[in-house]
Structure formats: structure tokens, C-alpha cells
Amino acid sequence: MKPQIRFLFYSILFFLYLTSTHFLLSLGEILKTDPYITLGCGFGVLNLIYAFLGLKWKPLLNIIFSAGIAALALFLALQFTNLHLFIDYDPYQVKTAIFANAVFSIIFWEIVYQVKIRKQ
């Protein structure tokens, strides 16, 4: 896949992460579930869509990487917000967590893509 196409995929994925967070949190309130579970499942679905469109590996590998990246990125985003680096700009650390989750997901997808290219 050309770098321009990958950049386009990552830009779309970043935008989807940012825009779908509010919807997923609202859905979690309606369903009365834990917000982390709702966000994890929602981001897992976004990752699953990207995996089938972008990576095009075997379906089992797509599912495993999608779930793993969603969980790991959400965990690392929460740990990143515990550092309180941007407390002056984002007092509740919500925007920091959302951006960190999107950035970590894209970084992990690029790592998975590079591993895929090296193995071929």
C-alpha cells in the first residue's frame, strides 16, 4: 500500500476516533454500561472495519489485532492522562485521553502494517 493511501486511511481513522467518542459515550449512558467497555467495543469495531479494508489479512488475524489494538490503546490513553501533562489546557483530561487513544491506535496499526510488510 502506498504511503499516501496509508496516510489517508490513518487520517480517516483519526477523524472517526475523534467524532465517534461522543456517540459511543452517549450509547453507553443509554445502555447503562461502563464507559470503558462501551468505548473499547466501539473502537474495536472501528479497528475491525479498518483491518478488513486496510490490512486484508485472514479474518481471524484481523479480529485479534483489532481487539488487541483497541484494548491496548485505550489502556495506554488512560495511563497517559494520569501523567497530567496538559492540566492547564484540559483540566478534566478528557480531550487528552481521546487524542492519546487515537494516536496510540494509529501508531499500533502502523507497527502491525510494518510487521506484515516485513513478513511478506
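The structure we're discussing is the one just above.
As the structure is a computational prediction, the values presented were derived from the model and not from experiment.

Asks: What should I look at first to understand the packing of helix H3 (residues 59-81) against helix H4 (residues 94-119) in this one?
Replies: H4 packs onto H3 with a crossing angle of 140° between their chain directions and a minimal axis gap of 8 Å. By the criterion of interaxial angle, the relationship of H3 to H4 is oblique. As for how H3 packs across H4, the hand of that crossing is right-handed. Contacts between H3 and H4 involve Phe 65, Ser 66, Ile 69, Leu 72, Ala 73, Leu 74, Leu 76, Ala 77, Phe 80 and Thr 81 from the former and Thr 96, Ala 97, Ala 100, Asn 101, Phe 104, Ser 105, Phe 108, Trp 109 and Val 112 from the latter. A class-by-class count of the residues in the contact of H3 with H4 yields 14 nonpolar, five polar and no charged.

Asks: Explain the nonpolar core to me, please; I cannot follow it from the model alone.
Replies: Grouped burial of nonpolar side chains is what soluble globular proteins tend to show. Ranked by size, the top nonpolar core spans 20 residues in total, and within it Tyr 10, Leu 13, Phe 43 and Trp 109 carry the most contacts. If we ignore the near neighbours within four places in the chain, the residues touching Trp 109 are Tyr 10, Leu 13, Asn 47, Tyr 50, Ala 51, Leu 55, Phe 65, Ser 66 and Ile 69.

Asks: Whenever I open this one, the pattern of salt bridges confuses me. Can you help?
Replies: Any two side chains of opposite charge can pair, so long as their charged atoms come close to each other. Evaluated as defined, the whole model comprises one salt bridge. Of the charged contacts in the structure, one is a salt bridge between Glu 110 and Arg 6, with a shortest N-O distance of 3.2 Å. Taken together, the residues Glu 110 in helix H4 and Arg 6 in helix H1 (residues 3-31) connect sequence positions 104 residues apart.

Asks: Would you explain the packing of aromatic side chains in this entry?
Replies: A ring pair, where both rings are aromatic, is described by two values, the distance of the centres and the angle of the planes. Applying the stated criterion across every chain yields a total of nine aromatic pairs. Ring centres of Phe 9 and Tyr 50 lie 5.7 Å apart, and the angle between their planes is 75°; this geometry places the pair in the edge-to-face category. Residue Phe 9 is found in helix H1, and its partner Tyr 50 is found in helix H2 (residues 35-55); the two are separated by 41 residues along the sequence. For Tyr 50, a relative accessible area of 4% puts it in the buried group. Both rings, one in Phe 80 and one in Phe 86, keep their centres 6.5 Å apart while their planes meet at 50°; by these two values the pair is tilted. Overall, the relative accessible area of 24% leaves Phe 80 in the partly exposed class. Taking the relative accessible area as the measure of exposure, Phe 86 reaches 38% and is therefore partly exposed.

Asks: Would you mind showing me how to read the side chain of Ser 20 here?
Replies: Positionally, Ser 20 belongs in helix H1. Of the residues examined, Ser 20 reaches a relative accessible area of 14% and is grouped as buried. Those residues within four positions of Ser 20 in sequence are excluded, and the remaining contacts are Phe 43 and Leu 46.

Asks: Could you clarify how one ought to interpret H3 in this entry?
Replies: Helical periodicity: at 3.6 residues per turn, an α-helix aligns residues three or four positions apart in one direction. The end-to-end C-alpha separation of H3 is 33 Å, in line with the 33 Å expected for 23 residues at 1.5 Å each. Listed as buried for H3 are Asn 62, Ser 66, Ile 69, Ala 70, Ala 73, Leu 74, Ala 77 and Thr 81. Buried residues along H3 sit against H2 and H4.

Calculation criteria
- Residues numbered from 1 in each chain as written.
- Predicted model: local features only at pLDDT ≥ 70, side-chain atom pairs only at ≥ 80, totals over all residues.
- Heavy atoms only, no water.
- Axes fitted to C-alpha atoms, helices over the stretch in contact; angles between N-to-C directions.
- Helix = DSSP H or I, 4+ residues; strand = E, 2+ residues; numbered from the N terminus.
- Parallel < 35°, antiparallel > 145°, perpendicular 65-115°, else oblique.
- Left-handed = near helix turned anticlockwise from the far one by under 90°.
- Contact = heavy atoms within 4.5 Å.
- Nonpolar A, V, L, I, M, F, W, Y, C, P; charged D, E, K, R; others polar.
- Core = buried A, V, L, I, M, F, W, Y, C linked by side-chain atoms within 4.5 Å.
- Buried < 20%, exposed > 50% of the residue type's maximum accessible area, 1.4 Å probe, protein only.
- Salt bridge = Lys/Arg side-chain N within 4 Å of Asp/Glu carboxyl O.
- Phe/Tyr/Trp six-rings, centres within 6.5 Å; stacked < 30°, edge-to-face > 60°.
- Expected span 1.5 Å × (residues − 1).

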